[in-house]
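# Observations on the model geometry
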Amino acid sequence: MAGVPTDCPGLADLIARLDRSVEAGDTAAVTAAVKADLEQVLGARSLALPAQFTQVSPDAYARRLLHRDPAGRYSAIVMTWGPGQGTAVHDHGGLWCVEGVVDGEIAVTQYRVEAEADGYYRVTPIGALLAGTGSAGCLIPPTDHHVLANARPSAASITLHIYGGDLDDCRVFLPATPDGRYAETMKSLSFNA
């Protein structure tokens, strides 16, 4: 598979763990098991990403495929965040997700997103945290709306995202009205070289 590393120390162990964990049962059990996998692997710093996965993109965070399960049960995506880079409020296209910090610090803000009768949305922050190297968190729809941003002012941060399938698009919510409501748009997702 193009772009997926063949010489990545720790990747074979991560894949073996994930292959077991995605068979853990219901979504809550799977995400808890995958979260434990990421905390162990990333906390021990036993996954050594090749240089092409750690390169910052100047315009926006970089998104690179690390591994796609041949059975389609999950995909592993590395994201590299330059200083000041982050996302808009978004969901995960109906997929569960576990996000872990490979290196650095990521600011995570969770949101409640409520549809209004006229097609706009109320978007309310409901929690925030600073995630450091080795930490991981689970997101299960429909409570998966959040914003991620690099919390380092002058260095990159790197995250590893395990999705319950292929995340090809997601819903993004952007400010749209003077009274603070948001509009929904679909965003197609691709990989950086």
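Please refer to the structure higher up on the page.
What comes next is a walk through the structure. (Residues numbered from 1 in each chain as written. Predicted model: local features only at pLDDT ≥ 70, side-chain atom pairs only at ≥ 80, totals over all residues. Heavy atoms only, no water.)

## Side note on helix α1 (residues 11-21)
- When α1 is considered as a whole, its buried residues turn out to be Leu11, Leu14, Ile15, Arg17, Leu18 and Ser21. Looking straight down α1, one finds its buried side chains confined to an arc of 165 degrees; they lie on one side. Turned more than 90 degrees away from the buried face of α1 sit Ala12 and Arg20, all of them exposed.
- Here the buried face of α1 lies against α2 (27-43), β1 (62-68) and β9 (157-163). (Buried < 20%, exposed > 50% of the residue type's maximum accessible area, 1.4 Å probe, protein only. Helix = DSSP H or I, 4+ residues; strand = E, 2+ residues; numbered from the N terminus. Arc of directions from axis to C-beta. Contact = heavy atoms within 4.5 Å.)

## Some details on the pattern of salt bridges
- For the coordinates displayed, the defined rule picks out 16 salt bridges.
- Between Arg181 and Glu116 there is a salt bridge whose closest N-O contact spans 3.0 Å. Here Arg181, found in the loop between β10 (169-175) and β11 (182-188), pairs with Glu116, found in the loop between β5 (105-115) and β6 (121-132); they are 65 residues apart in sequence, far enough to count as distant.
- On the accessibility criterion, Arg181 (12% relative accessible area) is buried.
- Assessed through its relative accessible area of 27%, Glu116 is described here as partly exposed.
- Of the charged contacts, one joins Asp118 and Arg181 as a salt bridge, the two residues approaching to 2.5 Å between their closest N and O atoms. (Salt bridge = Lys/Arg side-chain N within 4 Å of Asp/Glu carboxyl O.)

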